[in-house]
Amino acid sequence: MSDDDKLIRHSGNYRKLLSYQKADVIYEMTYYFCQHYLQRGDRTIDQMVQAARSGKQNIIEGCAASATSSKTEIKLVNVAKASLQELLEDYQDYLRTRGHQQWQEESIQWNAMRQLGRTHNDAAFFLNLCETRPPETIANMVIILIHQADYLLFRQLERLEKDFLENGGFSERMAALRKKSRNPTPPKP
């Protein structure tokens, strides 16, 4: 039975999505950053960790929902995107309120980190870097990774939109399969 003949389609493996991998790195780095560089009791810790976690977890939930609801999948991927935007603002606030500079586009540091972000999606790799970098560098690193994740999530939303427009959603699949089961195509002679 092909996927076209199934009502419940197999949902994708979220771990293979670059957007998920990037969001996972962002979560791990944010957790590290908050534990090492923000004061205990600071409400920002919970807000930043939860925003990073929401970015990652909503991708997972969206993939799980994809089997029966394109609408829910699209909505959750967009929530992941919004959560990471909230986190971006927290990192920018951190730099600004402490008098640190945000790396300028096309600067040496910006270009180097963009390249690392393109070639690595492994949290352990970035956590090793965090151990030898000051907090303002880590904040700038995460800012660039958030921009990359945002782009990946935007592309993912575009693909989901295209899939929906071309293939419809769960309700349309239900109706088409029901109609097909009532009126099977006669075998060709």
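Residues numbered from 1 in each chain as written. Predicted model: local features only at pLDDT ≥ 70, side-chain atom pairs only at ≥ 80, totals over all residues. Heavy atoms only, no water.

### Notes on the overall build of the protein
- Scanning the protein from N- to C-terminus turns up seven helices and zero strands.
- N-terminal to C-terminal, the α/β element order of the protein is α-α-α-α-α-α-α.
- Counting across all 189 residues of the protein, residues that qualify as buried make up 41%.
- As displayed, the protein offers around 11500 Å² of accessible surface, 50% of which is attributable to carbon and sulfur atoms. (Helix = DSSP H or I, 4+ residues; strand = E, 2+ residues; numbered from the N terminus. Buried < 20%, exposed > 50% of the residue type's maximum accessible area, 1.4 Å probe, protein only. Areas by Shrake-Rupley, 256 points an atom, 1.4 Å probe, with all protein chains shown as cover.)

### Thoughts on the pattern of salt bridges
- Under the counting rule described, the total for this entry stands at five salt bridges.
- For Arg155, the salt bridge goes to Glu158, with nearest N and O atoms at 3.3 Å. Of the two residues, Arg155 and Glu158 both sit in helix α6 (residues 135-167), three residues apart, roughly one turn of that helix.
- Given a relative accessible area of 34%, Glu158 falls into the partly exposed group.
- For Arg159, the salt bridge goes to Asp163, with nearest N and O atoms at 3.2 Å. Taken together, the positions of Arg159 and Asp163, both in helix α6 and four residues apart, correspond to about one turn of that helix. (Salt bridge = Lys/Arg side-chain N within 4 Å of Asp/Glu carboxyl O.)

### Some thoughts on the nonpolar core
- Formed by 45 residues in total, the largest nonpolar core has its most connected members in Ile26, Met29, Phe33, Leu87, Tyr91, Phe126 and Ile146.
- A per-element tally of this core places α6 first, with twelve residues.
- The contacts of Ile146, once residues within four sequence positions are left out, are Ile26, Leu84, Leu87, Leu88 and Tyr91. (Core = buried A, V, L, I, M, F, W, Y, C linked by side-chain atoms within 4.5 Å. Contact = heavy atoms within 4.5 Å.)

### What about the packing of helix α2 (residues 43-65) against helix α3 (residues 70-97)?
- Taken N-terminus to C-terminus, the directions of α2 and α3 make an angle of 165°; their axes are 8 Å apart at the nearest point. With respect to α3, the element α2 is oriented roughly antiparallel. Of the two possible hands of crossing, α2 and α3 adopt the one that is left-handed. Between α2 and α3, the residues in contact are Gln47, Met48, Ala51, Ala52, Ser54, Gly55, Asn58, Ile59, Glu61, Gly62 and Ala65 and Thr72, Glu73, Leu76, Val77, Val79, Ala80, Ser83, Leu84, Glu86, Leu87, Asp90 and Tyr91, respectively.
- Among the residues forming the contact of α2 with α3, the class breakdown is twelve nonpolar, seven polar and four charged. (Axes fitted to C-alpha atoms, helices over the stretch in contact; angles between N-to-C directions. Parallel < 35°, antiparallel > 145°, perpendicular 65-115°, else oblique. Left-handed = near helix turned anticlockwise from the far one by under 90°. Nonpolar A, V, L, I, M, F, W, Y, C, P; charged D, E, K, R; others polar.)

### What about the packing of aromatic side chains?
- The full count for this structure, using the stated rule, is six aromatic pairs.
- Between Phe33 and Tyr37, the ring centres sit 5.8 Å apart and the planes meet at 50°, which makes this aromatic pair tilted. A residue pair is termed a helical-turn pair when its members lie 3 or 4 positions apart in one helix, as Phe33 and Tyr37 do in helix α1 (residues 18-37) at four residues.
- Each residue in the set Phe33, Tyr37, Tyr91 and Tyr94 is aromatic and connected to the rest through ring pairs, giving one cluster. (Phe/Tyr/Trp six-rings, centres within 6.5 Å; stacked < 30°, edge-to-face > 60°.)

### Concerning α2
- Compared with an ideal rise of 1.5 Å per residue, which puts 23 residues at 33 Å, α2 spans 32 Å between its outermost C-alpha atoms and is within 8% of the ideal.
- For α2, the side-chain oxygen to backbone nitrogen distance between the N-cap and Thr44 is 2.8 Å, and the N-cap itself is Asp42. (Expected span 1.5 Å × (residues − 1). Polar contact = N/O pair within 3.5 Å; in protein donor to acceptor, adjacent residues only side chain to side chain.)

### Things to note about unusual backbone geometry
- Although it is not a glycine, Glu106 sits at a positive phi angle of roughly 75°.
- Relative to the helices and strands, Glu106 resides in the loop between α3 and α4 (108-119).

### Focus: the packing of α3 against α6
- Put simply, α3 and α6 touch, their axes get as near as 9 Å, and they point 160° apart. Between α3 and α6, the crossing angle belongs to the class labelled roughly antiparallel. The two elements α3 and α6 meet at a crossing, and its hand is left-handed.
- Taken together, the residues of the contact of α3 with α6 break down into 20 nonpolar, seven polar and four charged.

### Observations concerning the environment of His100
- Along the polypeptide, His100 turns up in the loop between α3 and α4.
- According to the relative accessible area criterion, His100 is partly exposed, its value standing at 27%.
- When the C-alpha atoms of His100 and Pro135 are compared, they prove to be 9.7 Å apart, with 35 residues separating the residues in sequence.
- Setting aside anything within four residues of it in sequence, one finds His100 in contact with Tyr94, Leu95 and Glu136.

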